[in-house]
Structures are given as C-alpha cells and as structure tokens.
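# Chain and residue survey
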Amino acid sequence: MKILVIDDEKPTLSMFKLFLTAYGYEVYTAQDGERGLVLFNEICPEIVFTDIRMPGIDGLEVLRRIRESGIASQVIIITGHGDMEKAVEALDLDASDFINKPVERQALNSALARAEKRKQLPLDPGFECSGKQQEGNLSVFLKGKLTASARDVFSGKFNPGVLNDVEQVCLILDDGFSIDRSGISLLTEVIQGLRQKHIRVFMENLSYNYARVFQMAGIDKIAVLKEALPEE
Amino acid sequence: MTTPYPSPHIFDAVKRQRLFDLLNENYQQRNILVIGQAAQGKTTLVASYLEAAPEPVLWFQLSRDDNDQALLFERLVNGITGICRQNRREPEGGGRVPNSILGTEQGLQRHLEGLSIVLQSMSSPLTIVLDDLESMDEMSSGFQLINEILSNGFKLLKIFLVSRRMPGFNIPRLKLDHKVFILNNDDLAFTLDETRLFFAGDKRVSSGDIEKIHHITDGWAGGLTLVSESLRRFKRMNHLPDRLSSEVFDFFSQEIYQTLPDRISQFLIQTSVLDTIDLEIVDRLFEPGHGLEILVELERRNLFVQRIDSDTGRPKFKYHNLFREFLLQDLLKTSGSSAYKSLNQKIGQFFWEKKDHEQAMNYFLEAKAFPDIVRIIKIKGTDYIISGKLSGLEKWISRLPEDTIQNDPWLIFLSTMTQRIKGGKKNIRRLETAFSLFEQIPDIRGMLLSAGYLIEAAVFIRQPSPMILEWNQKGEALLQKISGKKQYAWARALLWQQIGLGYIAGDGNIPKGVSACRNAVLLGRHINNSDLVLNASITMTFGYVQAGDFVNARQMLSKIKHMTGEGRNPEYRALKSMVDIDFALKNGRFDEAGECLARSEADIEKFGLIFLYPGFVEAKALHQIYTGQFDEARQTADHLNDFSILEGNDFYRGISHRIKALSFLQEKRFTSASREIQKALKELDQARKGDIHHFLAKQMEGLISFSNNNPDEARRSLVSALGYFESIASDLSCAETCFALGLLFWETKDTQQAMHYLNRAFEKSFAGAYLFFPLISRETLIQCAFLLVIYHEIRPFESYVLSLLDLCDPKQVREQIDWILARTEKAQTERVIEILRPYYKRLLPGIRIETLGKFNIFCGNKILDKKAFEGSRPLLLLKSIVLHGSRDIPKEILIDDIWPDATAKAGDKNFKINLHRLRKAIEPSPKKEFGYSYILHRAGLISLDPQLVVVDADEFIAFGARAMALERDNRPDTALEFYTRAVGMYKGDYFCEEPYMEWISRKRDLFRIKFMELVQKKAMLHEDLDEIDRAIETWNFILSVDPCFETAYQNLMILHADTGRQKKALDTFEQCRRVLEKEMGSGPDKETLFIYEQIKSR
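Note that the structure is a prediction, hence the values are computed from the model and not measured.

Here we come to the overall build of chain A. The number of helices and strands found in chain A is eight helices and 11 strands. In chain A, which comprises 232 residues, the proportion classed as buried is 44%. In chain A, 63% of the contacts between residues at least 6 apart in sequence involve partners at least 24 apart.

Spelled out as structure tokens, the structure:
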C-alpha cells in the first residue's frame, strides 16, 4: 500500500519513512505541499499524511486539493498540540483522522487502522443511527458521517418518549464513524440535553485520535469517553 | 569467448549490413533496445551482430523466474564473476548480498549495490543481452532491477535488450541522457534487397516472386521463413495469402506441420511441454535415440527451433515461442488437459530425481501436483529464506489452495517469511499461529524459527518492549530446554541472534543482547555458517555502538570487514560511520565528522536502517553542540525524543535529555543544564540501559554541580563515574573526569588531591594524545594546565600542554591567566607571574625588525605605523639598540648615540621619555602584571626580548656564518642554500634612510662588505660546482650592486671564454674599461688586462 508523507521538517520525514516502511508500506515523501501534490497525482497513494502547518501550501490546502482531485485517498492530518481549530477544519474537509506531534505509536497505529478501514467503506456513507434499550440503558450505534444534516435522524433517537426509563445512554461509534464541526456541535447539544435530564452519557469505541478531539471540544466534561482497544 | 551464458546459434542467417551499420553508428549508446513482433529476427540480428564483438558477451534468456530479483541478480552475478575469473580477476565482494539485519530495504538497493561492486571490479568492457524481456512482469522486482541497472549505467557495461513490446522503462529520460538507442519493428523488417538476399540461390523463386513475397510479408522475417518452407513443399506461389503476418502463423504452421511424418509431429507436440529441450530428458521420456536427429533437421530448415549451447557439452534446443504456443494448443486439443498435466508431472518427477528441484517445481506447478509442491516447499523452503530468494517461494506458495496452507504450520511460517518485514503487523499474528501449531505437534525446529522471526518482526515494527521481552524470554526458555542437544544448530543460532536483536533494539537491555549475539556467533562458527556469524556480529556491534562502547565496536568492525568483502555491506558501513563519527568528534575533527554523518544518513535512508537512526540523530546533535549550534542541537534532541515517543520505547528519551544538558552546560546555562541532567538520570536507569549511559550522565551531573558551586555533590558524582570509566578503560572519559576533580579539589583548597587528579588527567591525555575533550571546555583545560605549571608539575607534559595552548584562542588563555592570578595569594603573586611569564609571552605576536634596505617593524604580519612612535627619536633609540646588538646595552651608550651633547641628567630624561614612547608604540596595552615584554630594561641595561623580537641583520649574519661553515665542511649544496638565503636578506644598505648618522655608517659599511663577500663566495661556489650560468648570473648581480667591482669582470671574462663565448668575454672587458673610465677615471688593473690578453690570443 502506498503512503505519501508531506512535512516541511526533514527529520520528521525521515522518521516517518523509516517507521512506515518497517510497517510494510511503500512510502513516498515530500518536503512541501506543492511537491507533495505533484507526487500525489503521480502515485495516487492510498493514504496521505500531511503536516498542517507548512510554508506555502499548508496541510488544509493539500487536503482540499486532494478532495478536489476526486482520488479517494485517506488523508491524515499531523497537527501540533492545541491546533483544535485547524483539526476541526480538517474534519470539515473530511480528513480521515489527525495525529498530534510528537506522534505517539498508539496514535499512529490507530490512524493507520482507521484509514485502512475507511478505505473499505463507500465514499459517502451517510449517517445511520440505531438504538437498543435494555432496562435503563439505551445503546445508540452511530455509523457514517455525523453532520448537522443528520439532526433529525440523530436527535430523533432521544425523543422524550424514548427516554422515559433511561438512566444512561451509551453512544457506540462504528469503526468508520466520522464527524465534522457541525456534527460536534450537534453531538454536544444532544449530550447536554441528556445531561439536563440527569441521564449519564458514555461514548464507546472512540478511536485514539477522536477521543483527543472530543476532549479538546470539552465533550469529556459532559460524557465519559471510552477509547477502542489499541490495535495490535 | 565462451561463457556459461552463450549467444544462440545462428544458422545460415542473412547478414543485415544495413542494421549492422545502424548499430555501429549508435554503438556509443550504453543500452540498445531491439523491439519487434514475434519472429521478426531480433535474436538472430543481435546474435549475428555480436558474433564479431571483441568483448565477452553474456546472453540471458529471460523467463518468468527472473521476476524474482534475487534469482535474476544471482544469474547476472554468476555470469559476470565467471567472466572476471576467466580474466584472472577475483571479483570484488564475490557478488554475495547478505540478508538485511538492521534495515527494511530488502533487496533492490542491496542487489544494485552488489552488482555495482562486481561490475566496478571489471577492467574491460562486457556486453549483456537480455532476451525475451517481454516474458517478465513489469511490476516485478526483477524488472525493477533491470530498470535500475539501465538508469544507473555502468561504465564498462553495454546492454542489449530484446523484446516483443516496448518495455515500461522511462524511455524519454533514457534517450535524453543518451543512454539508449532503439531499433524498432520497422527497422527490423526486411527490405526488398534483403528479401532478395534471403532467397539468393533459390532457383524456384523469380525476381517478380520476390517482390510479391516482400509485399505480402511486409518484411516480416517469420513470414519469409514460412514462405520459404512452403515453397519447398508445395513449389507454388498461388496459395499465398495477400498479407502474411504473425497472426496467420498458426494457419501457416498447420500447413507445414500437417505434412510432417506422424512420429515427428508427435515428438513436437510432446516436447512442446519443455521450456528447454534437453536431449537427456528426450531420450528418457520421449524419443530414445532420435531426438537429436529430428531437432537438427528442423534447425537446418530454420523451422523455429533454436540451438542453445550448454555446459554439459550436449546441445539443448528451444522452440520459438510462437511455434511452441501453436504446438501446446495442439497438444491440449488432441490429448486434453489431463495428458498435459500428466506429461508435466512426469517431467517434474524426472527433474526431482535429478535433484533439480526448481525445474521440478515448474512442471509440478503446471501439473497442479499439490502434494509434490508442498513436499518441495517443506524440504527446500528454509534454504530460500536463508538465501533471501523469497519471490520464488512466494510464487510456489501462492499456487497452493488456501485450505492447504491454513492448518499447516510450516506453510504458514514459510508463507509469512515470503512477506518478511514487508508483511508488517500481520506477520506477528501469523508467526504466533505457526508457533502455537508447532508447539502442539511439537516441532522444535519450527518453534525455534517461528520464535526467532517473530522477535525480528516485533522489533522491526517497533512493538512495545514488554511484548518483545516476553518473546525473548520464551525463546530463551526454549533454548534452555534443548541445551546440550546437537540438533537444530542453525535454528538455535538464528534464535540467539534474534534474541540479541530483541534485547538491543527492542528492549534496550544491551548487556543481555550482546551476550545472546555472542552465543549466536559461537554456534554459527561451530556450524561454519558465515551468514549467521556476520549477522550476529553486526547485531552485537550495534549493541556496542548503542552502549557507547566504541573500543569493542571498533574491534568488532575490523572482524566484520573481513567477513563482508572488505566491508561492502550497508550495515557494516553505517555502523563504521557511527564509530568514525564518534572518533572524529572526540578528536575535534568536525569537518570529517560532518562528512561521516552525511554518509551515514544516506545509508540509513537508502537501506531503511531504522535501528541506527537514533544513534545517528544523537551523533548529529553532538556535532551541532561541538560546533556551537546549541539551539539546533536542542531541536535535534527534541527530534530524538519524538523518535523515542513514536517508538514507544524510552531508551532515547534519556539520551535526548543528556544532549540538552550538555548544550546548556556548554552555554554556561547551568540551571537548565541541571534540570535536563536530572531528567536524563531518571531515564537512564543503570540496570536496563547499561552502565555507560548512566555514568556518562553521572559525569555530566558532576560537571554541572561543580559549575553550580555544589562541590560535594559534584565530587560524589565524578568519583563514581571515574570508578566506572577506569573499570572499562575509557581513557578519554577518565581524563575528563580527572580534570574536573582536579579543579574541584583545588577550589576546595586540597592542593594535594588536586595535583593527584590533574597529574592523572594529563597522564591519560598525553598518552592518548587527546587534543579535544568533548566535556571539558577550553577554559577549564587551560586552568588545569596553569595549575600544574604553578605547582611545578608540568615538566613531564610541557610540550603536550604547549601544543594544547597553541590550539586555544589567545584571549581565552589571557583570561585564564587572570583567573589564576586572581586566586593567588598576594605573597605568591610575584613568583606566579614569573612562572607564567613564558606562557604569557607565547600569546604576544612576534616583532620583526628589518634594517637591510627599508627600515620596517612588523608586528605579526602587519607593519607598524611609524606615526605611533610620536617622533623620530624613539625610532632612533630602537635603531641604536639594534645596532649595538640588541642585548644588555648600557643605556649610556644609547644616550651617547642619540643625544651626544646632552647633560647626563637631560640625556637620562630624554632616554626615559623616548624609551616609554618606543615601548608603548610597540606594545600599546601590556598586561599590568607582566609589564612591557618586547623591550626589557633591567639594571640600566636594555635588551630586545630574543623570543619575541627578530632582527633581519642578525639572521643575515647567522645565515652567512652557517653557509661558510658548511662550505668548510665540504657541504657545498647546503652551503649554497644558506648563501642564497643570506644574500636574499640584503635588500639594501643597513639603515639606508639614515645616511648621515655617523654611528650607523661604520656598521653599514661592515654589512656591505659582508654582503659582497657572501655574494662572491656564492658565485665562486657555483663555479666550483660547474654551475656556470648561475655563476655568471651571480657575478652580474654583483655588478648591478657595484658596477666598478673589477673581480666580477675578471671572473665573467674567464667564464665566458671557457665556455667558448670569446666575443662575450671581450665585450665584458670593454664594458669594464668603459665603466672604470667613467666612474673612476682610471683603467682596468693589470690582472684584468692579463686575462684580456690571454683571451684575445686564443
């Protein structure tokens, strides 16, 4: 599988190349966005890692142009700590994932696993949501991409009538689940609504990096976040 | 020249002069690509063209097997080394490419490098033909290898590529670089003239027929052969179609084939199963006794059979691809697929019995004989892993049904090994499955191997340390269980080596890793397996480098060098670079270290040597610190930390902190340094990271504590570090620690201990000739040296210390003199100043006074501006000092020269004022404690310091005296050198700008006389040595100085006359007469006239 890594720091590129090659990928590198995009069009990699902050064409622009190209690559954005705003912007552009610098192994593994899983999914999966109630526990399975347009589908699962005997809600994210800025707002709004009704909320099967996004968005203050088991 | 890869036989081919000319014109192109449809005469053309080639030709008939770059590499290297040996040259490196030990790059770069080593060892040109290129998969590694060979280009290598279709190389680029010439299908097509040549002598064919044949075949060589054969049988032209191309080959072949006797057509059908028709197999399985006869007849008629020479002495044959395809189709049509399979299985069995398992496998695969395939895989699979020829094994396994593999541990293990490294995380799961299935049987060999490669996979994909440790312990337990048994030596050695890798690169327990590798080396030697010994040695060396034990690393490298064809192995080279970097850094050779770093980085990237990467980053950071790039060094340290985080292994976190501590220490930012070293010590746990990292941090902790005025803590850390460094004989680290301890004890007023440690420090440094100390600043070093000086303990190391001081910036040395003086008790100051004075004087620039010719004073390389002397008197005073010999001159003599009429009091006053001005002009800011250094005034006697001031007149006299002494000693050549130097120094009269000073003029005359004496002696010595031209030149030089110097005329006249230049001699006399008349109003003396007469009368 081909992977393209774009980063303006030569040592970071070298490190990624060595690691990803050892993981068994065919690795290509570019030291700026421009060269990265040229290489992208030449080799059509399945996965792209791009640093978000680069002189010239930055990571978000790289992501935007990759999306415009119509080539279905999974793009993982490399962000610095606290780049929340940019990370959310990347989610709006359908980045498959993002990882913080310095990159932890678990974050890298999780991003790669997620990207490989997402590759198997249809291009625009839509949002699906199904619920299952057992005594006071309501489990809601979230699949596809959660955006503002899914408001009715998502909020509908928590109608007052449904929540009568519910003490806790467990939101279980599918492996290929994704979200954008409007989706995060919607999710926050729904969880806050549940909290007001004194219902405890758990979120399960979060990818390593999504758990970080939800923490940055403050969702960890209103819900218990449970990460998926690390990839072996 | 004969080779194991001969060109095909060309039977009665038409000479294609037109194409030969084209090839000749483009022969300078490195590669020649011949492309044309089937049976277009490509092979025939190239073979007939190269028949006359003076250089050896290696002909490779490519097949699907060559898709495996390891196999193709082996074939190429065997061919090339064969040529080398024929030329009585042993090829470099032997063409062996050991498996990867520390890198992820599995083949292409290594094979390319191996090939380039072998090719570089060739001394004469070589041509390689790669025929049937179209049979290779363009995505295969073998094809990539060919692509790389073409792109790289090797000086003495020419490649002919023969293919039915345009191969997927970057042809425009190759053309742009003038690396390829292409001969295409149209070029190859027979012209009308060539068609005439083809049918020359065939009376059945008229000129009109030939034109028709040319038209319908469109120059297609295969078509011409078919027509010729058809005419031979049917003797008529009217049945020929309008156009004849390779598509109608089947139709046409059918016509000819049907006319063949049954026995022959049956023979053809059956033998079409064979890739190469070997007569032995033909005799055994098909047509006993008649095979050769049939094949030779077909060959004679050009009927799509090609003869290939073989090393067995028996000819082998090969059907043309189109013809073979036709025959195979007929076989399937007439006899069915079961007959096809059965034939293949029979042939496979034949080869298996002949122990040619690769050939056997090819036929078993065609026959889909799975039990036979599995049997061969299980027997031979491990050999393929050892040799790294994995794509062959991969191809075999891929043909097996999935359920055959699933429950068989060997097939799971071997199929995983075909994805070694590139299989990534999946390999761990598969090897775990294989291990547990082996455990159930139980199969010890399988367990050993799967555990070994599982550890390798876990290390390569950087699994967390606990997981690697768990498998290391499982492996050790397994080895323990079978200890004492003699079985499975290779598998045991391999597992030891992988356990070593696991400990060193995965868990960070270097002592255990080195010990495991040592076991592997011993076992490897015992079973005489050089690959294993090499791999374990490389892993062990890596451990030593990781541990910073460069003494052992260096020793191991010298052993490895011999194992790898003078060190041609990426791991060896990269490890050696690391050791060289360390050595260069410790010796202050930063440029060299920088070059090694660049080389090391290139190898690490090219070959994916992931384990060497952090060591490289560490060395890079140290290089940055020593070259003053502190911020960059800390960034690099951060990167090392990033690597540690990504790796999920804390090994390099501690090193990263230690680098930062060192950078802060060098910048004298002691608080930051202290913070970082504490972090480093926390990470560099002695038990797991090996002692050296711990004690290096401890040593730095001591230095930082000392700089932070915490002597007790510093002493504790430094003494414990010293104990360790002594135990491992690390002299440089010992010396550094002793320097710090010496200074520390001196600061705490324990002079005895201070001198003890400083003596030890200098002893070690002197013995090791160290001129650079990574941890000890120059300032500290100078302080230590001066402490030894003032305590009179410097003598044994004096010359060494002086050479160290010469490397320091004089400003730094001055500052350290101040440092010493500031710490000296008042009563001792005078004594210490006198002791340090020689060292202080070494810091001052030398003064050179030129008196012969223009008067100049040089300070270093700069002329002193005379304005600085505030008038002419100070300069006159200096001239007077010089004139009186520069040493111990009573001031009264000087006063008498300059102020002869002044009263004693006035003279003394003038003297004082002008001496002060003179000293100040020469030495504007003398160090207070040491006073003026160049002009000394002691007890009324004035001197120029002989170590600091040089006078040209003194040198002139000294050189002259030396020249004369040498001449007396009968050493004329050396004497001449000194005469030349002395004469060269006389650039004019002594103090020529003071023509009226009487006290100078007497000495001026003396110098002039001395000069004339020395030049004459020089001229005469040239004469004695028969160097007539140089003698004439020297006498003429004398005349340029003194035109009335009659001796010069006399000598010149004699020299000219003796060398047959009588007119020149007489002219010289005339010149002498004229000059004397004009300048002195007199004529030549008697002797001159006598010489004149003598010459005239000759």
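Moving on: the overall build of chain B. What chain B contains, in helices and strands, is 52 helices and 15 strands. Put simply, chain B has 1098 residues, and 45% of those count as buried. At a minimum sequence separation of 6, the contacts of chain B that also span at least 24 residues come to 64%.

This next bit is on the interface of chain A and chain B. Across the boundary between the two partners, chain A contributes 15 residues, which contact 21 residues of chain B. At the level of secondary structure, the elements contributing two or more residues to the side of chain A that touches chain B comprise helix 1 (10-22) and helix 5 (105-120) of chain A. Take the side of chain A that touches chain B: its biggest share by element is seven residues, from helix 1 of chain A.

Residue and element names in this part refer to chain B. Spatially, the three strands line up as an open sheet ordered 6-8-7, and their pairing is antiparallel. Two strands in the sheet have a free side with no partner beyond their single neighbour: strand 6 (277-278) and strand 7 (305-308). Here helix 14 (residues 291-300) sits on the sheet and contacts strand 6, strand 7 and strand 8 (316-319); the angle it forms with strand 7, its principal contact strand, is near 115 degrees.

Glancing now at the packing of helix 22 (residues 444-460) of chain B against helix 24 (residues 489-507) of chain B. Residue and element names in this part refer to chain B. As a packed pair, helix 22 and helix 24 sit with axes 9 Å apart at the nearest point and diverge in direction by 25 degrees. Relative to helix 24, the element helix 22 is oriented roughly parallel. Considering how the two elements wind past one another, helix 22 and helix 24 form a crossing that is left-handed. Here Arg-445, Leu-448, Leu-449, Ala-451, Gly-452, Tyr-453, Ile-455, Glu-456, Ala-458 and Val-459 of helix 22 lie close against helix 24, whose contacting residues are Ala-491, Arg-492, Leu-494, Leu-495, Gln-498, Ile-499, Leu-501, Gly-502, Ala-505 and Gly-506.

With that settled, consider the nonpolar core. Ile76(A), Ile77(A), Leu454(B), Met700(B) and Ala785(B) are the most contacted members of the largest nonpolar core, which totals 255 residues. Discounting residues that sit within four places of it in the chain, Ile77(A) has contacts with Thr50(A), Ile52(A), Gly59(A), Leu63(A), Ala87(A), Ala90(A), Ala95(A) and Phe98(A). Counting 62 residues, the second-largest nonpolar core is a separate cluster that includes Leu852(B), Ala921(B), Ile935(B) and Trp1035(B).

Okay, the environment of Ile913(B) next. Along the chain, the position of Ile913(B) falls in helix 45 (residues 904-922). When the C-alpha positions of Ile913(B) and Arg873(B) are compared, they lie 9.7 Å apart, and in sequence the two are 40 residues distant.

Moving on: helix 2 (residues 33-43) of chain A. All names here are of chain A. Of the residues making up helix 2, those classed as buried are Gly-33, Gly-36, Leu-37 and Phe-40. Viewed along the axis of helix 2, the buried residues span an arc of 95 degrees, placing them on a single side of the element. Every exposed residue of helix 2 that faces more than 90 degrees away from the buried side is listed here: Val-38 and Glu-42. Close packing links the buried residues of helix 2 with strand 1 (2-6), strand 2 (26-30), strand 3 (47-51) and helix 3 (59-69). Looking one or two residues past helix 2, Cys-44 carries a phi angle of roughly 45 degrees, positive in sign.

As for its position among the elements, His916(B) is in helix 45. For the pair His916(B) and Phe869(B), spaced 47 residues apart in the sequence, the C-alpha separation amounts to 9.8 Å.

Residues and elements named next belong to chain B. Between its first and last C-alpha atoms helix 33 (residues 670-683) spans 20 Å; for 14 residues at 1.5 Å apiece the expected length is 20 Å, and the two agree. The complete set of buried residues in helix 33 reads Ala-673, Glu-676, Ile-677, Ala-680, Leu-681 and Glu-683. The arc that holds the buried residues of helix 33, viewed along the axis, is 155 degrees, so those residues lie on one side. Residues of helix 33 that are exposed and angled more than 90 degrees away from the buried face: Thr-671 and Lys-682.

Turning our eyes to something else, we now look at the packing of helix 44 (residues 891-898) of chain B against helix 45 of chain B. Residues and elements named next belong to chain B. Two elements in contact, helix 44 and helix 45, have axes separated by 10 Å at closest approach and are oriented at 95 degrees. Comparing the axis directions of helix 44 and helix 45 gives the class roughly perpendicular. Contact residues: helix 44 offers Lys-891, Leu-894 and Ile-895, while helix 45 offers Gly-907, Asp-908 and Phe-911. Looking at the contact of helix 44 with helix 45 residue by residue, the class counts come to three nonpolar, one polar and two charged.

Glancing now at the pairing of strand 8 of chain B. All names here are of chain B. Burial of the side chains of strand 8 is restricted to one face: Phe-317 and Tyr-319 are buried, whereas none of Lys-316 and Lys-318 on the reverse face is. Bridge count for strand 6 against strand 8 is two bridges, and the pairing is antiparallel. Opposite Asp-278, over in strand 8, you have Lys-316 as the bridge partner. The sheet contact formed by strand 7 and strand 8 spans four bridges and is antiparallel. Each bridged residue has a counterpart across the sheet, and for Gln-306 the counterpart in strand 8 is Lys-318.

This part covers the confidence of the model for chain B. For chain B, per-residue confidence averages 86 on the pLDDT scale, and 91% of positions sit at 70 or higher. Within chain B, helix 34 (residues 686-689) of chain B has the poorest average pLDDT of any element, 56, and strand 15 (residues 949-951) of chain B the best, 96.

Rules and cut-offs
Residues numbered from 1 in each chain as written. Chains lettered and ligands numbered in written order. Predicted model: local features only at pLDDT ≥ 70, side-chain atom pairs only at ≥ 80, totals over all residues. Helix = DSSP H or I, 4+ residues; strand = E, 2+ residues; numbered from the N terminus. Buried ≥ 20, exposed ≤ 12 C-beta atoms within 10 Å, placed from the backbone. Contact = placed C-beta atoms within 7 Å. Pairing = 2+ DSSP bridges. Axes fitted to C-alpha atoms, helices over the stretch in contact; angles between N-to-C directions. Parallel < 35°, antiparallel > 145°, perpendicular 65-115°, else oblique. Left-handed = near helix turned anticlockwise from the far one by under 90°. Core = buried A, V, L, I, M, F, W, Y, C linked by C-beta atoms within 7 Å. Arc of directions from axis to C-beta. Expected span 1.5 Å × (residues − 1). Nonpolar A, V, L, I, M, F, W, Y, C, P; charged D, E, K, R; others polar. pLDDT = per-residue confidence, 0-100.

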